[in-house]
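Here is how the chains run, residue by residue.
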Amino acid sequence: MTNTAQLLDADLPAKLVLRGVGKTFRGNQGDVAAVEHVDLEVAEGEFVCLLGASGCGKSTLLALVAGLERPTSGEILAHGTPVVGPGRDRMVMFQEHALFPWRTVLGNVLFGLELKPGLPRRARTEVAMYYLELVGLTKFAHASIHELSGGMRQRVALARALAPNPQVLLMDEPFAALDAMTRERLYGDLQEICRKRRKTVLFVTHNVREACVLGDRVLLMTPHPGRICGDFRVELPRPRDINGVDIATLASRITTTLRAEETKDGGR
Amino acid sequence: MTRRVLNFVAFLLLLLAAWELLVRAGAWNAVLLPAPSTVFVYLVGAARDGTLLEAALVTGRRLGVGYALGLVGGLPLGFLCARFQFARDTIGVLALGLQTLPSVCWAPLALLWFGQTEAAMTFVVVMGTTWSILLATADGVRAIPPIWVRAARTMGSRRLHTVFNVLLPGALPAIVSGFKQGWAFAWRSLMAAEIFITILTGFGLGQMLHYGRELHAMDQVLGVMAVIVGIGLLAEQILFAPAERWLRRRFGLSL
């Protein structure tokens, strides 16, 4: 058990640094700059939301930090080390759950742990069960993925992303496909989990209130090419309620700024 | 379930009874189509003296060897075609063409190349199996959502680990149906080859059919046909039904 406790607490949350990051895709109608000149620092244990309309390059930015794509310019540092590819220090949670249907719930959570060297079978299962308990799915450990509801699937995906104990958690609109009730419950759960297991989180969303509820900071992005155009610090006490007045006030302030930026962008 | 089985058994018994009665009433020449009871007597005799079992084993061995070789060839080639455009443009297109060729068409060539040997038999079965397994594997692997591979990469999965832990299991529904189709092709091509190719190293079920005709032993022909159907059904139940049940339970598919 001490072993497991050590595994759970070995790594501290990391700092993310992006310097002049750009990504250009080669398309049929010439090159398209998805992201340009992005400078960004995320402090250790900070929850940062990237907010913007679809197509503004926020998912591309996330894929760059994940190491799934390579930037065409600039550099990305995770904990001071340049990102050259995917790594278990930066785990990703996708919009679609991306769970493996041939594995059970437990098997999915075990996937990343099996690839972590020096972890005996029993310790792997112990760690996986710990995270399933954290997301409240202990009872479904041996269920098949297709038997779960959308919300439960995203919980499994969260457990799977947390299990290798990454320093950074990258979330790409993970709740976008869920109904409002499930989503609101997951906001609470995610805040609680982040309190328990301090992580540096980069969370991509197009939902203003979602960003306000979850983020310590909310960064605004505008498209063509994707740039960061605003930085809001959210200093509201946690846990936050999405239906609270202060969230609504902040959300409307952010929406106004976002509109203004888009108009500026359109006028160019 | 049991009710549906009973329905079928009752239907079969009724059919056999009608057939038996018609033969006894002299509706046709019993030499050309003997009564079920005659066929049954033949089957009991052939089962007792071991000829049937021996022939089934010879056929089974040929099928097993040819099918296994087809899998060993078809699976990796299918993977190559799924992953590399070049393989798709070359082997893939070739497979597409050869799959349309009934594999018994290889028999004349096999006879010339290998003579009247087991190798000729195996060759025909391999040609019947490989292409459908190759194509099913290629389609299955290509249909895998890219997000599965991306997710696996973020968890540290690379190259061969991805192949064995994401691509292979992810393509399993397609691969199993490819295996099933390959099995059906192998079984059909082997029967055709055994009727067509006479070889001395083993006397298979197809050859029993062939000599049954030459000897005008229609009871033997019908009996062996019944055995062939039986083996086909049994193989389906033993080899593929459990795999499909597992897939349905895990993937939640309606296959």
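Within any chain, residue numbers begin from 1 and follow the written order of that chain's sequence. Working convention: letters from A go to chains and numbers from 1 go to ligands, in the order in which they are written. This being a predicted model, a pLDDT of at least 70 is required before a residue's local features are given, and a value of 80 or more before pairs of side-chain atoms are given or counted; all residues contribute to the totals for chains, interfaces and linings. Working from all heavy atoms in the structure, the side-chain values ignore hydrogens and water.

Helix and strand counts for chain B stand at 11 helices and 0 strands. The secondary structure elements of chain B, listed N-terminal to C-terminal, are α-α-α-α-α-α-α-α-α-α-α. Dimensions along the principal axes, computed over C-alpha positions, put chain B at roughly 75 × 50 × 30 Å. Classification of residues uses two cut-offs on accessible area relative to the type maximum, computed with a 1.4 Å probe and protein chains only: under 20% is buried, over 50% is exposed, and between them is partly exposed. The buried share among the 255 residues of chain B stands at 43%. If you take every contact in chain B between residues at least 6 apart in sequence, the share linking residues at least 24 apart comes to 70%. Only the protein chains shown count as cover for residues, with accessible areas throughout obtained via the Shrake-Rupley method and a probe of 1.4 Å. In the form shown here, chain B has an accessible surface area of approximately 13800 Å², with 71% of it arising from carbon and sulfur atoms. The positive count covers Lys and Arg only, the negative count covers Asp and Glu only, and His and the chain ends enter neither. Where a charge lies is defined by one atom per residue type, namely NZ (Lys), CZ (Arg), CG (Asp) and CD (Glu). Between the centroid of the 20 positive side chains of chain B and the centroid of its 11 negative side chains there is a distance of 18 Å. Put simply, DSSP H or I for four residues or longer makes a helix, DSSP E for two residues or longer makes a strand, and each gets a number counted from the N terminus. The criterion used for residue contact is that any of the two residues' heavy atoms lie within 4.5 Å.

With that settled, the discussion passes to the pairing of strand β3 (residues 47–51) of chain A. All names here are of chain A. Here β3 lies mainly inside the structure; 5 of its 5 residues are buried. Residue alternation in β3 divides its side chains into two sets, Phe47, Cys49 and Leu51 and Val48 and Leu50, and both sets are buried. Two strands pair under a simple rule: DSSP has to find at least two bridges between them. Relative to strand β8 (residues 200–205), β3 runs parallel, the two being bridged by 5 bridges. Counted as the bridge partner of phenylalanine 47 is valine 201 from β8. As defined by bridge partners, β3 adjoins strand β9 (residues 217–222) across 4 bridges and the pair is classed as parallel. The residue of β9 that forms the bridge with valine 48 is arginine 217.

The next thing to look at is unusual backbone geometry. All names here are of chain A. Each neighbour pair has its own omega, and for histidine 224 with proline 225 the value is -15°, a cis peptide bond. Between arginine 238 and proline 239 the backbone carries a cis peptide bond, its omega angle lying at -5°. Mapped onto the fold, proline 239 is located in the loop between β10 (227–233) and α8 (245–267). Despite not being glycine, histidine 37 shows a phi value in the positive range, around 45°. By secondary structure assignment, the location of histidine 37 is in strand β2 (residues 30–42).

A word on helix α4 (residues 85–99) of chain B. Residues and elements named next belong to chain B. The span one expects for a helix is its residue count, reduced by one, times 1.5 Å. For α4, with 15 residues, the first-to-last C-alpha span of 20 Å sits near the 21 Å given by 1.5 Å per residue. Bend is the name given here to the angle between axes fitted to two runs of seven residues, the run ending at a residue and the run starting at it. Isoleucine 91 marks where α4 bends most, by close to 30°. Within the span of α4, buried status applies to Ala87, Gly92, Ala95 and Leu98.

Turning to the domain arrangement of chain B, a few remarks are in order. Each domain span listed reflects an automatic or database assignment of domains. Domains assigned within chain B are domain 1 (1–33) and domain 2 (40–251). In this structure, domain 1 of chain B and domain 2 of chain B have C-alpha centres spaced 32 Å apart.

With that settled, consider the interface of chain A and chain B. In many analyses, interface size is given as the accessible surface area lost on bringing the parts together. Chain A puts 25 residues into the contact, and the matching count from chain B is 22 residues. The quantity reported as buried area is the accessible area (1.4 Å probe) lost by two parts once they are put together, taken as the sum for both. Taken together, the two surfaces of chain A and chain B that pack against each other cover about 2200 Å², and 65% of this comes from carbon and sulfur. Within this document, salt bridges are pairs made up of a side-chain nitrogen of Lys or Arg and a carboxyl oxygen of Asp or Glu, the two lying within 4 Å of each other. Taken together, the connections running from chain A to chain B amount to 1 salt bridge. Residues arginine 150 of chain B and glutamate 69 of chain A are paired through a salt bridge, measuring 3.8 Å at the closest nitrogen-oxygen approach. By residue number, the principal contributor to the side of chain A that touches chain B is strand β6 (residues 90–93) of chain A, which donates 3 residues. Throughout this entry, Asp, Glu, Lys and Arg are counted as charged residues, while Ala, Val, Leu, Ile, Met, Phe, Trp, Tyr, Cys and Pro are counted as nonpolar. The remaining residues, Gly among them, count as polar. Of the residues that constitute the side of chain A that touches chain B, the class distribution is 13 nonpolar, 6 polar and 6 charged.

All names here are of chain B. By secondary structure assignment, the location of threonine 137 is in helix α6 (residues 118–142). Overall, the relative accessible area of 0% leaves threonine 137 in the buried class. Discounting residues that sit within four places of it in the chain, threonine 137 has contacts with Leu75, Gly78, Phe79 and Ile175.

Attention now moves to the pattern of salt bridges. All names here are of chain B. All chains considered together, the criterion is met by 21 salt bridges over all chains. Arginine 24 is paired through a salt bridge with glutamate 20; the nearest N and O atoms lie 2.9 Å apart. Taken together, the positions of arginine 24 and glutamate 20, both in helix α1 (residues 2–24) and 4 residues apart, correspond to about one turn of that helix. The exposure class assigned to arginine 24 is exposed, which follows from its relative accessible area of 64%. What makes glutamate 20 buried here is its relative accessible area of 13%.

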